[in-house]
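Spelled out, the chains give:
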Amino acid sequence: MAILRLVVCVILLYFGIVPVPADEALLDYVRVVVADDALPVQKEAAEELAHYVGGVTNRELETVSVAQFSLSKMTGKSFFVGDKAAALALGRDAGPWEMEEYLLKTVPGGLVLAGHDGPGSPLSANVPMGSMLATYTLLDDYLGVHWFWPGEFGESVPKNPEATIPDFDIRKTPAFEIRSVSLGYPGIYHTEIFNEEARKWARRNRLAWVRSAVFGHSWFDAFNLRNDETFKAHPEWFALVNGKRRPPQMCTTNLEVINRMVDHVLKGKQQIMHISPSDGGGFCQCDNCTALDVPGVLSYDGKTTQLSDRIFTYANEVARRVGEVNPDKACGMFAYTYYNKPPVKITNLEPNLYLSFVYQSAAHRDSENLAEWREKVAGWKKTGAKMVVREGWGNHYYHDMHFLHYDQIIRNLAEAYDQGFVAAYGEGSKNFSAMAPNYWALTRMLWDPSRDTDGLMDEFFKSAYGPVATEMEAFFESYNQALNDNWSKRDRRIDTSGIAYANVIGAWRRLIPESAVAEAEKHLAKAEAKVPNGEYADRIGFHRHGHNYTKLMLELLEAYRQLELLGVKVGSFNPTGTPKRDDPAARDALLKRAYQLGEQREEMLLQYRDRAGPDEGLYAFTNDRGLRPWHRKVKEALGIDKETALTKEKLSAAK
């Protein structure tokens, strides 16, 4: 067959016709070639390629070493994985490589898959894995192998012995130099099985954080605020508030503070070191700091003076001095709360200053919020800022319910890339049983934000749910549309168009009303009745668990809100001034129901810990720190002495 194609090409060239390279049959590929001393990421790429191509073609591929291949005459085509196999196939070294660069190139003997690889675990987000990027690009983008969520039942390997692959000549780097989403609260709360599967899912979806960087609040570490020794020795370094020096904020015009931060960056392990202020308020009121503020320019809350000019005067000075000593070092800053808007007087930011742009695209359902985001981006862009997406795609505000916003994710990441953002990272949730469509949209756009998005979600529903794709799309859309229709009904306890926890915690029954849950139930029940046994049925059962958890949480959160109206101090669920009711019988009945629901919630959190369901870690984290003690308050009101099973200590013992 290969000889016939060559003859045809020669004839066409003789007559001046340039042929379009024909797709090659995947069955022509019979082996994977990789060096014996290949790096772990290269060996992992070779193993993954052999396994999944074998799954698509329904036959095994052998794996041979570079030495074996060189010493024997082998027929059939080969996949050449890693730098040494690539050199064998190309007749030259394919390097040098840019950071995370990857290569797919068709050669007479097959296909080269190589790139910027580094030593270390193949599952570490910090290890360069160019050969794996090339491998997953072939599998995902061209052969339809997908990984929807962690775990084997979250992967789709289409059986297609007739599959073909095109003539490749791709050599490029990823669009975003950071592509990362954390799956819930720290992995110390999760089982080793889940953590392992989550790492595999992230790598297979081409997520990575190779350029070492940290953007978080820095002063806690830089000034050792774990104790008060620094404050005792240097109170003048700290913010002057109401006439007194106090932590956790620093005086950003103090030269010794700037010296300390320059030293912090230069000695830091990461290439991009954090220099952001502490979280919250309490900023310095000294004359030098306030002189940098612009009178009359207010921050996001409409009350507090915007601090961008003073904070970025400090950030620019630190970055400038760092760059003079080490041009390879950079500084990471939040654009956050009182300094999330562009400065007025500063026209240019230092080229080694990365701006972590804190926002949530889910809030873009509000046209006012979207307009504000675009205005801020335009302003920051004028300063030459290296902008970085720092998102909350599935954070704790949503309590692991069906807070779907895949449309906003797709549009936002496409627009962010078009506006010059260079990286993207943020918080997610472990709960794919509720928010799987969000993560499909997220991983697709993190990898290729310039892609054609027509049919992007259709591909997810068809490949994930097969014969019940229509029913499952309607199921998820019931929740998505409810949020679209009702987003304006959230509270405005805090005057912001963004997502504020205080504005949603008491509003869930308005955002996702019972009618929307009933509509979702109808479509899920249709899918359950229609789906055949096997992988699709397993996925539907997984989403049934997520749906039931959302139903429970909506009733439970509303019960807490009503209990507060009945005089039980559970949490801050109602706007100040909401009238209370005096109804002891209703209070007692609701307390008992809230207790039942709270116990059921804990049972559901423990039911599928190895799977990507509701996050037991989020719940345990709050228990360990005394946050959101809602269930404990209900038990106290009922006189029930029963310890929770969800703490770090107990979850660790149960692994």
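Everything here concerns the structure above.
As the structure is a prediction and not an experimental result, all values here were calculated from the model.

A. Geometry of the packing of helix 13 (residues 406–418) against helix 16 (residues 469–486). One can describe the packing of helix 13 onto helix 16 by two numbers: an axis separation of 10 Å at closest approach and a directional angle of 70°. As judged from the angle between their axes, helix 13 and helix 16 are roughly perpendicular. Between helix 13, through Tyr406, Asp407 and Gln408, and helix 16, the contact on the second element is made entirely by Phe476, Glu477, Asn480 and Asn484. Across the contact of helix 13 with helix 16, the residue classes tally to 2 nonpolar, 3 polar and 2 charged.

B. Highlighting the sheet that holds strand 17 (residues 386–392). Strand order in the open sheet formed by 6 strands is 11-18-17-16-15-14, with parallel pairing between adjacent strands. The open sheet has two edge strands, strand 11 (179–183) and strand 14 (272–274), and neither has a second partner. Along the sheet, successive strands turn relative to each other by an average axial angle of 25°, direction set aside. Against the sheet, helix 14 (residues 432–447) contacts strand 11 and strand 18 (423–428), and its axis sits at roughly 165° relative to strand 11.

C. Fine view of unusual backbone geometry. Following glycine 95, the chain continues into proline 96 via a peptide bond in cis, with omega recorded as 0°. Geometrically, the link from proline 247 to proline 248 is a cis peptide bond, its omega value of 10° lying close to zero. Structurally, proline 248 can be placed in strand 13 (residues 244–250). In this model, asparagine 242 sits at a positive phi of 55°, which is unusual for a non-glycine residue. One can find asparagine 242 in the loop between strand 12 (238–241) and strand 13. A residue is classified by how much of its surface remains accessible, and asparagine 242, at 66% relative accessible area, is exposed. One non-glycine residue with positive phi stands out, namely histidine 399, at about 55°.

D. Local environment of helix 15 (residues 456–465). For helix 15, the tally of buried residues reaches 7 of 10 residues, placing the bulk of the element in the interior. Listing the buried residues of helix 15 in full gives Leu456, Met457, Phe460, Phe461, Ser463, Ala464 and Tyr465. For helix 15, the elements touching its buried residues are strand 7 (146–147), strand 8 (155–156), helix 13, helix 14, helix 16 and helix 20 (535–565). Trailing helix 15 by a residue or two, glycine 466 shows a phi angle of about 45°, which is positive.

E. How the structure looks around the packing of aromatic side chains. Inspection of the entire model under this criterion finds 45 aromatic pairs. Ring centres of phenylalanine 461 and phenylalanine 476 lie 6.3 Å apart, and the angle between their planes is 35°; this geometry places the pair in the tilted category. Of this pair, phenylalanine 461 sits in helix 15 while phenylalanine 476 is found in helix 16, placing the two residues 15 residues apart along the sequence. In this structure, phenylalanine 461 and phenylalanine 476 share a single accessibility class: buried.

F. Just helix 4 (residues 83–90), in detail. Residues of helix 4 that are buried include every one of Ala85, Ala86 and Leu90, and no others. The buried residues of helix 4 occupy one face: seen down the axis, they fall within an arc of 125°. Just downstream of helix 4, glycine 91 is the residue with a positive phi angle, here 80°.

G. Seen up close, the pattern of salt bridges. Here the structure, examined in full by the defined rule, presents 38 salt bridges. As a salt-bridge pair, arginine 226 and aspartate 221 come within 3.0 Å of each other at their nearest N and O atoms. For arginine 226, a relative accessible area of 55% corresponds to the exposed category. Here arginine 374 and glutamate 415 are joined by a salt bridge, their closest N and O atoms 2.8 Å apart. Residue arginine 374 is located in helix 12 (residues 367–382), and its partner glutamate 415 is located in helix 13; the two are separated by 41 residues in the primary sequence. Put simply, Asp140, Asp141, Arg206 and Arg444 are held in one network by salt bridges that share partners.

H. Broad picture of the sheet that holds strand 6 (residues 110–115). Here we have 6 strands laid out as an open sheet, ordered 3-2-4-6-5-10, and mixed in their pairing. Among the strands making up the open sheet, the edge pair consists of strand 3 (62–65) and strand 10 (169–172). Strand after strand, the sheet turns through a mean of 20° between neighbouring axes, direction not considered. Looking at chain direction, strand 4 (residues 77–81) and strand 6 are connected through 4 bridges and run parallel. Each bridged residue has a counterpart across the sheet, and for phenylalanine 79 the counterpart in strand 6 is leucine 111.

I. Fine view of the nonpolar core. Core analysis: the biggest nonpolar cluster contains 195 residues, and Phe79, Phe312 and Tyr465 have the highest contact counts within it. Those residues in contact with tyrosine 465 that sit more than four places away from it in its chain are Trp149, Ala436, Phe460, Met472, Phe476, Tyr536, Arg539, Ile540 and His543. Among the nonpolar cores identified, the runner-up in size contains 6 residues, and Ala239, Val241, Cys251 and Cys289 belong to it.

J. Geometry of the pairing of strand 17. Counting buried positions along strand 17 gives 5 out of 7 residues, so the element sits mostly inside the fold. Sheet analysis places strand 16 (residues 353–358) next to strand 17, joined by 5 bridges and oriented parallel. Within the sheet, the bridge partner assigned to phenylalanine 357 lies in strand 17 and is valine 389. One crossover worth recording links strand 16 to the parallel strand 17 by way of helix 12, and it is right-handed.

K. Spatial organisation of the packing of helix 19 (residues 514–530) against helix 20. Direction vectors running N to C along helix 19 and helix 20 enclose 160°, while the axes themselves pass 11 Å from each other. If you check the angle between helix 19 and helix 20, you find them roughly antiparallel. Between helix 19 and helix 20 lies a crossing of left-handed hand. Of the residues in helix 20, those touching helix 19 at Val517, Ala520, Glu521, Leu524, Ala525, Ala527 and Glu528 are Ile540, His543, Arg544, His547, Lys551 and Leu554. Tallied by class, the residues present in the contact of helix 19 with helix 20 amount to 7 nonpolar, 2 polar and 4 charged.

Rules of the game
- Residues numbered from 1 in each chain as written.
- Predicted model: local features only at pLDDT ≥ 70, side-chain atom pairs only at ≥ 80, totals over all residues.
- Heavy atoms only, no water.
- Axes fitted to C-alpha atoms, helices over the stretch in contact; angles between N-to-C directions.
- Helix = DSSP H or I, 4+ residues; strand = E, 2+ residues; numbered from the N terminus.
- Parallel < 35°, antiparallel > 145°, perpendicular 65-115°, else oblique.
- Contact = heavy atoms within 4.5 Å.
- Nonpolar A, V, L, I, M, F, W, Y, C, P; charged D, E, K, R; others polar.
- Pairing = 2+ DSSP bridges.
- Buried < 20%, exposed > 50% of the residue type's maximum accessible area, 1.4 Å probe, protein only.
- Phe/Tyr/Trp six-rings, centres within 6.5 Å; stacked < 30°, edge-to-face > 60°.
- Arc of directions from axis to C-beta.
- Salt bridge = Lys/Arg side-chain N within 4 Å of Asp/Glu carboxyl O.
- Core = buried A, V, L, I, M, F, W, Y, C linked by side-chain atoms within 4.5 Å.
- Right-handed = clockwise from strand over helix to strand, strands pointing away.
- Left-handed = near helix turned anticlockwise from the far one by under 90°.

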